[in-house]
Amino acid sequence: MSPSHEAPPAHDYLDRTRFPVDEWRLVETAFDAGDLGVTETLFAVGNGYLGLRGNVEEGRDSYAHGTFLNGFHETWPIHHAEEAYGFARVGQTIVNAPDAKVIRLYVDDEPLLLPIADIAAYERSIDFREGVLRRELLWRTPSGKRVRIRSTRMVSFHQRHLAVMTFEVTLLDARAPVAISSQILNRQDGEDEYHVRAKAMGEGVDPRKSETLDRRVLEPQHCRGSVEEGRVELGYRAHDSGMTLAVAADHLLDTANAFTQRVQVEDDLAKMTYRVDAQPGEPITLTKVVSYHTSRGVPVRELLDRCRRTLDRAAEEGLEQQYADQRTWLDSFWKRSDVEIPGRPDIQQAVRWNLFQVLQASARAEGNGFPAKGVTGSGYSGHYFWDTEIYVLPFLTYTTPHLARAALRFRYTLLDHARRRARELAQDGALYAWRTINGEEASAYYAAGTAQYHINADISYALSQYVQATGDLDFLVREGIDVLVETARMWVDLGFWRSEEDGSFHIHGVTGPDEYTTVVNDNLFTNVMARFNLARAAAAVRELAARDGLEYERVVRRLALSEAEVVAWERAAADMAIPFDEHLGVHPQDFHFLEREVWDLDSTPLDKRPLLLNYHPLVIYRFQVLKQADVVLALFLQGDQFTADQKRADFEYYDPITTGDSTLSAVVQSIMAAEVGYADLAYRYFLSALYVDLADRHGNTSDGVHVASTGGVWSALACGFGGFRDHGGVFTVDPRLPQAWDELVYRVTLRGTRVRVAVRPAEVELTVEDGDAATVIVRGEEVTVAAGSPRVVALAGQGPRLAGEPAPVPGRERGDGSIITATVPGT
């Protein structure tokens, strides 16, 4: 096994006897209780608002139960051992909502429990074209009766608040009494199916770790059930945040068998039970339709009315209409977004799973951000980070722009919170929270949290990218420009000019994306991105003044904007300090970075990885060692600001000292390795990123999908191998097709026109699939492609090709004559 800081050799990461290749489905052919946490994540279904982990229908046999509603959270006061002004004060965590997935089965009064059941046949699958989780199994009961169970689970993309489940039971060879218990269970405060509080959240959840929520979270407000209607309802209010939640479920049992029906409803449980005199060959089909609604303060009774309307509408439309709407929604998504790798079905399957995860995290977020784990798990407490803007939004901007717009509008709604946070840190303008749900800073560790001021520039970058790709000036003028202006104000106030250095503008005391190096001066990524932010804000104001004087005056009044401010932004951008070491020929990650010695990753035992879980931060901070790409990320995002030689030199320096301890790193390393010419390394990094969750490469997939990495997979394909770039609204293509591939096809929507880009070893073919025309520069040649007239551009190879990998850093000589050495601390 390769050391974990190196890109592993190219291989198929999955056990194909259990997870066979299928280009449009993820299929599991054998149940294994040993990796429940991983498969619960891989088979989760969601729509960006509502998420249901892939827990087994029968309930208790799970690693971590999960039903999540984006933005629905509880708060608590953060207590610091040593207080200081400006520390985060209010913690926020996503709440595990009442679980409506539970459908328990008893045959001859014996429960179906998968880990101990005699399962003669098993298949579970999720089809990315229909968005439905399916499971079919054949169970031999303890008395020897064979029972076929088929179930489905779907969270609707079409109806934001709706989930649909079916559960079909058929006795194959003998009659038996059958009981089906359909439940909504408040695990957050209640018990498990057997009334054991310690197991309420699942076998893999340690109740001792819930130190922040040591009292009841959800206060009961309503419970109701009706046998006649087949409907049960529960309502709650979060204790501290005051948020409200309602959930209701309709039940319909369809069978030729005789049955009775009972309902039981209490504060933390709503249960509909069916007792069936089951005859062989007569199916018993339960349809369960569930609606969730949440609010920051609307009374529960109003939310219940909304649930009822949702359920009534679904009943009127019928079950088949829900499936048809889901298929139509996904057909449209794949038409805009699919990335194709002909001849590589294994890679194709994994690519589509990743893209499907981005959709499940974003499609109906509407008014919320995208949690780091989407709605598939409680990892990172459901917080929103910079990951959204840098790793997820590019995919949405170029394939489903209205989803990118919604995410950026969410950041706009947090602007007042960001203004207050800036004042707390003695800054002008606005400073966005490093991690948050409600807009308030929730990071208790400022060195690797609040100090990452670059989040301002990341948001401004994504906003600018969206406007350039779509031409959506309406959003820019009404809301986006406010974000650009307030973030620019923060930068010009945070930094300073040092006159003795020819007026260079410096930014001190910040942390870049690499969290193994904190609170530094002139972090390259921060300075490069702040320069972009400042210049873009100034340009937006100037362009608006020239284009629309009336709107410009409105902006000036709304933001109390002065000409002197805009001039200061332009000057700061022009004077920004961009460190460069002439002797080593690289950009230092920060002003003092190259003075440190290198951490010897080759000699670091794997049981000491990741470093942040095995070494004190102060130990890590003393070395040249990266958690994730930092300078290399700047090379990608601001590639037009660096020469080809600089990119290669920087990549060759930083790649060997990057641990990859963060799942955010491999996609960026793949993109830049491809651009500078390390084709084999780029491919290995890509595969490493592609299977981050599918193969549980970081050992924490059980916490939820790494949404940023799944978004980054698209960038690795379109921008890395596909060579797509957008700098200042100029779209270019310079491909780096892997040698093992015959073709790569991706799609980008450029100002309303969707272009299909097909990269082959000797050519690029551009085709307009929707819209009129678009202009793209292919290897320096400007190409305008119009509807009905595809264009083919010949390629002379796939860019530079470099053998091997970058050489190790230790042994290089600094400008003062000292030699860079490598060591492992404590050895």
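Residues numbered from 1 in each chain as written. Predicted model: local features only at pLDDT ≥ 70, side-chain atom pairs only at ≥ 80, totals over all residues. Heavy atoms only, no water.

### Focus: the environment of T310
Thought 1: Within the secondary structure, T310 sits in helix α2 (residues 300–317).
Thought 2: Taking relative accessible area as the criterion, T310 reaches 4% and is therefore assigned buried.
Thought 3: Sequence separation between T310 and Y292 is 18 residues, and the spatial gap between their C-alpha atoms is 9.0 Å.
Thought 4: The contact partners of T310, leaving out residues within four places of it in the chain, are Q159, H161, L162, S291 and H293. (Helix = DSSP H or I, 4+ residues; strand = E, 2+ residues; numbered from the N terminus. Buried < 20%, exposed > 50% of the residue type's maximum accessible area, 1.4 Å probe, protein only. Contact = heavy atoms within 4.5 Å.)

### Examining unusual backbone geometry
Thought 1: Here the residue pair R609 and P610 is connected by a cis peptide bond, since its omega of -10° sits within 30 degrees of zero.
Thought 2: Inspection of the secondary structure assignment puts P610 in the loop between β21 (597–599) and α13 (617–621).
Thought 3: Even without being glycine, D696 reaches a positive phi, approximately 50°.
Thought 4: You can see D696 is positioned in the loop between α17 (679–690) and α18 (707–721).

### A few points about the packing of helix α4 (residues 345–362) against α17
When two helices pack together, you describe them by how their axes are tilted relative to each other and by the distance separating the axes.
Thought 1: Viewed as axis vectors pointing N to C, α4 and α17 meet at an angle of 55°, and their least axial separation amounts to 10 Å. When the axis of α4 is compared with that of α17, the two are oblique. Relative to α17, α4 is oriented so that their crossing is left-handed. For the pair α4 and α17, the contacting residues are I347, A350, V351 and N354 in the first and Y683, F686, L687 and L690 in the second.
Thought 2: The class makeup of the residues in the contact of α4 with α17 is seven nonpolar, one polar and no charged. (Axes fitted to C-alpha atoms, helices over the stretch in contact; angles between N-to-C directions. Parallel < 35°, antiparallel > 145°, perpendicular 65-115°, else oblique. Left-handed = near helix turned anticlockwise from the far one by under 90°. Nonpolar A, V, L, I, M, F, W, Y, C, P; charged D, E, K, R; others polar.)

### Focus: the confidence of the model for the protein chain
Thought 1: Across the protein chain, pLDDT averages 95, with 96% of residues at or above 70.
Thought 2: Predicted confidence is poor over residues 206–211, with pLDDT under 50, and the contacts of this stretch with residues over four places away or in other chains come to one contact. (pLDDT = per-residue confidence, 0-100.)

### Here's the deal with the state of the cysteines
Thought 1: Per the stated rule, a full pass over the model turns up zero disulfides.
Thought 2: Looking at C223, it has no disulfide partner, and the nearest cysteine sulfur is the one in C307, 15 Å off.
Thought 3: A relative accessible area of 0% places C307 in the buried class. (Disulfide = S-S within 2.5 Å.)

### Details of the sheet that holds strand β3 (residues 50–52)
Thought 1: Judged by pairing direction, the sheet is antiparallel, and its four strands sit side by side in the order β2-β3-β4-β5 without closing on themselves. The open sheet has two free edges, formed respectively by β2 (45–46) and β5 (90–96), since each of these has just one partner strand.
Thought 2: Alignment of β2 against β3, held across two bridges, turns out to be antiparallel. Residue G46 lies in a different strand from β3, and its bridge partner there is G51. (Pairing = 2+ DSSP bridges.)

### A few points about the side chain of T658
Thought 1: Structurally, T658 can be placed in the loop between α15 (644–654) and α16 (665–676).
Thought 2: A polar contact is formed between the side chain of T658 and the backbone oxygen of Y654, at a distance of 2.7 Å.
Thought 3: Beyond its immediate chain neighbours, meaning those up to four positions away, T658 contacts H5, L601, L626, Q628, A629, S665 and Q669. (Polar contact = N/O pair within 3.5 Å; in protein donor to acceptor, adjacent residues only side chain to side chain.)

### A few points about the packing of aromatic side chains
Think of a pair of aromatic rings as described by two things: how far the centres are apart, and how the planes are tilted against each other in angle.
Thought 1: Within the structure shown, the criterion is met by 34 aromatic pairs.
Thought 2: Summarising the aromatic geometry, the rings of F385 and W434 are spaced 6.2 Å apart at their centres and angled 80° between planes, so their arrangement reads as edge-to-face. Here F385, found in the loop between α4 and α5 (387–399), pairs with W434, found in the loop between α7 (415–424) and α8 (454–470); they are 49 residues apart in sequence, far enough to count as distant. You'll find F385 and W434 in the same group, each marked buried.
Thought 3: Plain terms: the ring middles of F721 and W741 are 5.4 Å apart, the flat faces sit at 80° to each other, and that makes the pair edge-to-face. Of this pair, F721 sits in helix α18 while W741 sits in the loop between β24 (730–733) and β25 (744–750); the two residues are 20 residues apart in sequence, bridging distant segments of the chain. Both residues of the pair, F721 and W741, count as buried.
Thought 4: Feature note: the residues W24, F333, W334, F395, Y398, W714, F724 and F731 constitute an aromatic cluster, connected by ring pairs. (Phe/Tyr/Trp six-rings, centres within 6.5 Å; stacked < 30°, edge-to-face > 60°.)

### Some remarks on the sheet that holds strand β22 (residues 623–624)
Thought 1: The three strands are arranged β22-β21-β31 in an open sheet whose pairing can be described as parallel. Pairing within the sheet leaves two strands with one partner each, and these edge strands are β22 and β31 (822–823).
Thought 2: Pairing of β21 with β22 involves two bridges; the strand directions are parallel. Bridging across to β22, V598 finds its partner in Q624.

### Re the pairing of β25
Thought 1: Of all seven residues making up β25, seven are buried, and the element is well covered by its neighbours.
Thought 2: With burial as the criterion, each face of β25 is covered, one bearing L744, Y746, V748 and L750 and the other bearing V745, R747 and T749.
Thought 3: Pairing of β25 with strand β26 (residues 753–760) involves seven bridges; the strand directions are antiparallel. Bridge pairing in β26 links R747 to R756.

### Some thoughts on the environment of P810
Thought 1: For P810, the position within the fold is in the loop between β30 (791–794) and β31.
Thought 2: Exposure remark for P810: the relative accessible area of 34% places this residue in the partly exposed category.
Thought 3: In this structure the C-alpha to C-alpha distance between P810 and V631, which are 179 residues apart in sequence, comes to 19 Å.
Thought 4: Residue contacts for P810: discarding those within four places in its chain leaves V598, I820, T821 and A822.

### A short note on α16
Thought 1: Here α16 contains twelve residues, and its C-alpha end-to-end distance of 17 Å stays within 8% of the 16 Å for a straight helix at 1.5 Å per residue.
Thought 2: Of all twelve residues in α16, twelve are buried; the element is thus mostly enclosed.
Thought 3: Every buried residue belonging to α16 is among S665, A666, V667, V668, Q669, S670, I671, M672, A673, A674, E675 and V676, and all of these are buried.
Thought 4: Of the surrounding elements, those touching the buried residues of α16 are α5, α14 (631–637), α15, α17, α18 and β23 (724–727).
Thought 5: Trailing α16 by a residue or two, G677 shows a phi angle of about 125°, which is positive. (Expected span 1.5 Å × (residues − 1).)

### A short note on the side chain of D338
Thought 1: Among the secondary structure elements, D338 is positioned in the loop between α3 (319–337) and α4.
Thought 2: Overall, D338 belongs to the buried group, its relative accessible area being 6%.
Thought 3: Filtering out sequence-adjacent residues up to four positions away, D338 remains in contact with W24, F333, Q348, R352, V745, Y746 and R747.

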